[in-house]
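# Descriptive analysis of the structure
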Amino acid sequence: MKNKLIVTGALAAVAAIAPATTASAHIDVAVKSVKSHTDRADSALDRAVSLYERNADRRGSRELARSRRELGKATAEAAKLRRNARSENGRANAARAQALVADQQDENVEQLVGMLDEVSGKVENTVAKAALADTRGRDKAIAIITALLERGVSEKAETGLLRALTALSTDRVDEVVEEAKALVGGDVARSGKRTVARTVGANVRSQSKAAAKLAELIADPDMPAASKPGLQRAYDAVMAEHGGAAFILARLSDRMPAFVRSFVEQIITQARSDAQGMRENRPTPPTGGPGSAPMGPGSTPTGPGSTPTGPGSTPTAPGSTPTPPAGPFGG
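Here we summarise the structure given alongside this text. (Residues numbered from 1 in each chain as written. Predicted model: local features only at pLDDT ≥ 70, side-chain atom pairs only at ≥ 80, totals over all residues. Heavy atoms only, no water.)

## Section: the overall build of the protein chain
Definition in use: Secondary structure elements are taken from DSSP: a helix is a run of H or I of four residues or more, a strand is a run of E of two residues or more, and numbering for both begins at the N terminus. In this scheme, a residue with accessible area under 20% of its type's maximum is buried, one over 50% is exposed, and one in between is partly exposed, where area comes from a 1.4 Å probe on protein chains only. Between two residues, a contact is recorded if the distance between any of their heavy atoms is within 4.5 Å. Every accessible area reported is derived by Shrake-Rupley at a probe size of 1.4 Å, with residue values counting cover from the shown protein chains alone.
From N to C terminus, the protein chain includes 10 helices and 0 strands. When the helices and strands of the protein chain are placed in sequence order, the string is α-α-α-α-α-α-α-α-α-α. Out of the 331 residues in the protein chain, the part that is buried amounts to 52%. Restricting to contacts in the protein chain with at least 6 residues of sequence separation, those with at least 24 account for 79%. Carbon and sulfur atoms form 54% of the exposed surface of the protein chain, whose accessible area is close to 14300 Å².

Here it is, written out as structure tokens:
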């Protein structure tokens, strides 16, 4: 998927510079174990998709359950590394492990939503809930990686992890397209659509929070200057993608059933408002280097839906949550 090679390459660069001590070797084995679990989770999900497409739902569900178990093991091992991280190298490895989990969750979301039209009933609910869980898990992982970076890792490890963080924060448009298609089409049942609507909301909120994390890193004087133009470009990409998400959802919202439309309209409003807030609170770009030219007043990123909201609109802080109506959309 979109970010897989970027994240894997960035994490390989981090691994290459890890000191070859006995303790670090033990930690590296633990990181490799996390990757082994995420690789097995990925392969099992691919098999599940293939089986569902052939109407072999029972076998597909077994592979989906295997994928979720392997992802759960990877998550648990990454959490253990994080709890035991007491040095720069330990924090770097904990962040690597967390990024591997987030990378798999990132890949899963679009794949899971995309196969909703191949399943039905309880299986459809299971698939939709897995997509929601991975969207939220990726959000949590971004926060964890940022916190570990702020606590301090080696400068070389920091560079690779910042690239991984950037990849996880951006390139969400295809996900939104798949989610919007699931909400519009007739192949996904009422319960599944409700869960997908919550996933769209989680996706939008997650990316707003990611923008705030990127802004913190840009403003952090301890971050290497060479990394800041890339972080700035990532922030601008998130800002543009937010407008794009609002554009896509607005174009399709009239075709969505009434029981999800009002919630999606709140998401659209929030995405537009957050994008405007990002423009108005855009961190001061670093001087020099590619991508560092400041944006003038009223300038907007390119991309569909990136125009600011109309006169009199009041932007809210990025990451704020639309208030869902009473019913099934909360949480």
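Still more to cover.
## Comments concerning a negative patch on the surface
Under the convention used in this document: Residues enter a patch when their relative accessible area is above 30% and they make no salt bridge; the linking distance is 9 Å between like charges and 5 Å between nonpolar side chains (Val, Leu, Ile, Met, Phe, Trp, Tyr). Salt bridge, as used here: a side-chain nitrogen of Lys or Arg that lies within 4 Å of a carboxyl oxygen of Asp or Glu. None of His or the chain ends enter the tally, which takes Lys and Arg as positive and Asp and Glu as negative. The atom standing in for a charge is NZ when the residue is Lys, CZ when it is Arg, CG when it is Asp and CD when it is Glu.
Side chains of Glu53, Asp117, Glu118 and Asp187 sit close together on the surface and give a patch of like negative charge. By the element assignment, Glu118 lies in the loop between helix H4 (88-114) and helix H5 (121-151). Relative accessible area serves as the criterion here: at 31%, Glu118 is assigned to the partly exposed category.

## Here we look at the pattern of salt bridges
Going through the model one piece at a time under the given rule, you end up with 10 salt bridges. Where Arg68 meets Asp134, a salt bridge forms, and the shortest distance between an N and an O atom there is 2.8 Å. Taken together, the positions of Arg68 in helix H3 (residues 57-83) and Asp134 in helix H5 put the pair 66 residues apart, joining distant regions of the chain. Note that Glu178 is salt-bridged to Lys181, the shortest N-O span being 3.5 Å. You can see Glu178 and its partner Lys181 sitting in helix H7 (residues 173-184), 3 residues apart, about one turn around the helix. Bridged by salt links that share partners, the residues Arg47, Glu63 and Arg66 form one connected network.

## Concerning the nonpolar core
Put simply, the rule reads: Definition of nonpolar core: a set of buried residues of the types Ala, Val, Leu, Ile, Met, Phe, Trp, Tyr and Cys, connected through side-chain atoms within 4.5 Å.
Formed by 42 residues in total, the largest nonpolar core has its most connected members in Leu149 and Tyr235. When contributions to this core are tallied by element, the ones reaching two or more residues are helix H2 (22-53), H3, H4, H5, helix H6 (155-169), helix H8 (190-219) and helix H9 (228-252). If sequence neighbours within four positions are ignored, Tyr235 has contacts with Ala211, Leu214, Ala215, Ile218, Met278, Asn281, Arg282 and Pro283. Tyr52, Ala131, Ala180 and Leu183 belong to the second largest nonpolar core, which has 37 residues in total.

## Concerning H9
Working note: α-helix, 3.6 residues per turn, so residues spaced by three or four point in the same direction. The line we're drawing: An expected span of 1.5 Å times one less than the residue number is assigned to each helix.
Along its 25 residues, H9 runs 36 Å from first to last C-alpha, staying within 8% of the 36 Å computed at 1.5 Å per residue. Summarising burial for H9: 19 of the 25 residues are buried, a large majority.

## Focus: H6
Over its 15 residues, H6 extends 21 Å from the first C-alpha to the last, a length consistent with the 21 Å expected when each residue adds 1.5 Å. Along H6, the residues classified as buried are Ala157, Glu158, Gly160, Leu161, Leu162, Ala164, Leu165, Thr166, Ala167, Leu168 and Ser169. Within two residues after H6, Asp171 carries a phi angle of roughly 65°, on the positive side.

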